[in-house]
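# Structural description and commentary
If you want the building blocks of each chain, they are given just below.
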Amino acid sequence: SAYESIGDNDSRLRYLREESGRRRLAQEIDEGQRAVRAEREFQKGEAALRMRRPDQALASFQAAVEAFSEEGEYHAALGYALHLTAPNDALALKKAYAHIQKGRKLAPDRAKPYLYLGRLSLAEGRAEVAEKLFARAVQLDPDCLDALRELRLINLRREKSKTIVQRILRR
């Protein structure tokens, strides 16, 4: 049977093509399963963030990145969760920036990496940089409510500080 499968050139080429197709199909199935597993973990992580459980979100985002490291939003979310779990840790902040930047490079057309970079910039007191990043997020996704909310808060703070300065100058 083996000799019949590869005994002559035509049957050998046919066998090799079939075997290559089987391998390719197995790889595609494996990649699809990894992508589904990663998306499931990502969704769990986002739900944990909404429930204000950054530790659970961090674990889910790490699992998503391990399962499918080619997705930029997974890296960005992992970086943001890192920051939330250790907001005063300089090393965690550096890792958070690295993951979010990687996410931005992998998914330059998505709003979430810019939203998370803006939030990290705000946490560092760099409101001007944050405002530009939130504006970029809105530019990429006009329905990004989180970025719109952040921009509105920045503008409210700016107006409030102007009125305080004006009151002081009037005296």
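For the structure itself, look to the data block above.
Residues numbered from 1 in each chain as written. Predicted model: local features only at pLDDT ≥ 70, side-chain atom pairs only at ≥ 80, totals over all residues. Heavy atoms only, no water.

### Re the pattern of salt bridges
- Summed over all chains, the structure comprises eleven salt bridges.
- Here glutamate 150 makes a salt bridge to arginine 119, at a shortest N to O gap of 3.2 Å. Of the two residues, glutamate 150 is situated in helix H8 (residues 145-170) and arginine 119 in helix H6 (residues 112-123); the sequence distance between them amounts to 31 residues.
- Note on glutamate 150: relative accessible area 14%, which makes it buried.
- For glutamate 124, the salt bridge is made with arginine 126, and the minimal N-O distance between the two is 3.3 Å.
- For arginine 126, a relative accessible area of 34% gives the class partly exposed.
- One connected set of salt bridges, linked through shared partners, spans Arg119, Asp146, Arg149 and Glu150. (Salt bridge = Lys/Arg side-chain N within 4 Å of Asp/Glu carboxyl O. Helix = DSSP H or I, 4+ residues; strand = E, 2+ residues; numbered from the N terminus. Buried < 20%, exposed > 50% of the residue type's maximum accessible area, 1.4 Å probe, protein only.)

### Looking at a nonpolar patch on the surface
- A surface patch of nonpolar side chains, amounting to about 360 Å² of accessible area, comprises Ile6, Leu13, Tyr15 and Leu16.
- For the nonpolar patch, the element with the highest residue contribution is helix H2 (residues 9-50), accounting for three residues.
- When you line up the elements, leucine 16 lands in helix H2. (Patch = residues over 30% accessible without salt bridge, like charges linked within 9 Å, V, L, I, M, F, W, Y side chains within 5 Å. Areas by Shrake-Rupley, 256 points an atom, 1.4 Å probe, with all protein chains shown as cover.)

### Observations regarding the nonpolar core
- Counting 36 residues, the largest nonpolar core has Phe61, Tyr74, Tyr116, Leu120, Phe134 and Ala147 as its most contacted members.
- Elements with a contribution of two residues or more to this core: H2, helix H3 (54-67), helix H4 (72-85), helix H5 (90-106), H6, helix H7 (127-140) and H8.
- Considering every element that reaches this core, the biggest residue donor is H4, with seven residues.
- Alanine 147 has contacts with Leu115, Phe134, Ala137 and Val138, leaving out every residue within four places of it along the chain. (Core = buried A, V, L, I, M, F, W, Y, C linked by side-chain atoms within 4.5 Å. Contact = heavy atoms within 4.5 Å.)

### Focus on H3
- In a regular helix each residue adds 1.5 Å, so 14 residues correspond to 20 Å; H3 covers 20 Å between its end C-alpha atoms and thus fits that length.
- Along H3, the residues that are buried comprise Ala57, Leu58, Ser60, Phe61, Ala64, Val65 and Ala67. (Expected span 1.5 Å × (residues − 1).)

### Looking at the packing of H4 against H6
- Contact pair H4 / H6: the axes reach a minimum separation of 9 Å and the direction vectors enclose 20°. One element, H4, and the other, H6, form an angle in the roughly parallel class. Handedness of the crossing formed by H4 with H6: left-handed. Contacts between H4 and H6 pair Glu73, Ala76, Ala77, Tyr80 and His83 from the former with Lys112, Pro113, Tyr116, Arg119, Leu120 and Ala123 from the latter. (Axes fitted to C-alpha atoms, helices over the stretch in contact; angles between N-to-C directions. Parallel < 35°, antiparallel > 145°, perpendicular 65-115°, else oblique. Left-handed = near helix turned anticlockwise from the far one by under 90°.)

### Comments concerning unusual backbone geometry
- The backbone phi angle of arginine 52 is positive, close to 60°, even though this residue is not glycine.
- Following the sequence through the fold, arginine 52 ends up in the loop between H2 and H3.

### With respect to the packing of aromatic side chains
- Across all of its chains, the model carries three aromatic pairs by this definition.
- Plain terms: the ring middles of phenylalanine 42 and phenylalanine 61 are 5.6 Å apart, the flat faces sit at 45° to each other, and that makes the pair tilted. You can see phenylalanine 42 sitting in helix H2 and its partner phenylalanine 61 sitting in helix H3, a full 19 residues away along the chain. As far as the burial class goes, phenylalanine 42 and phenylalanine 61 line up, both buried.
- Both rings, one in tyrosine 80 and one in tyrosine 116, keep their centres 4.6 Å apart while their planes meet at 10°; by these two values the pair is stacked. On the criterion of sequence distance, the pair formed by tyrosine 80 in helix H4 and tyrosine 116 in helix H6 is long-range, its members being 36 residues apart. (Phe/Tyr/Trp six-rings, centres within 6.5 Å; stacked < 30°, edge-to-face > 60°.)

### Here's the deal with the layout of surface pockets
- The calculated volume of the largest pocket comes to roughly 380 Å³.
- Forming the boundary of the largest pocket are 13 residues, of which Leu49, Arg50, Arg52, Tyr80 and Arg119 lie nearest the centre.
- Class assignment for the residues of the lining of the largest pocket results in six nonpolar, no polar and seven charged. (1 Å grid on protein atoms, 1.4 Å probe; cavity = no way out; pocket = protein on both sides within 12 Å on 5 of 7 lines; lining within 4 Å. Points joined across faces, edges and corners; volume = space filled by probe spheres on them. Nonpolar A, V, L, I, M, F, W, Y, C, P; charged D, E, K, R; others polar.)

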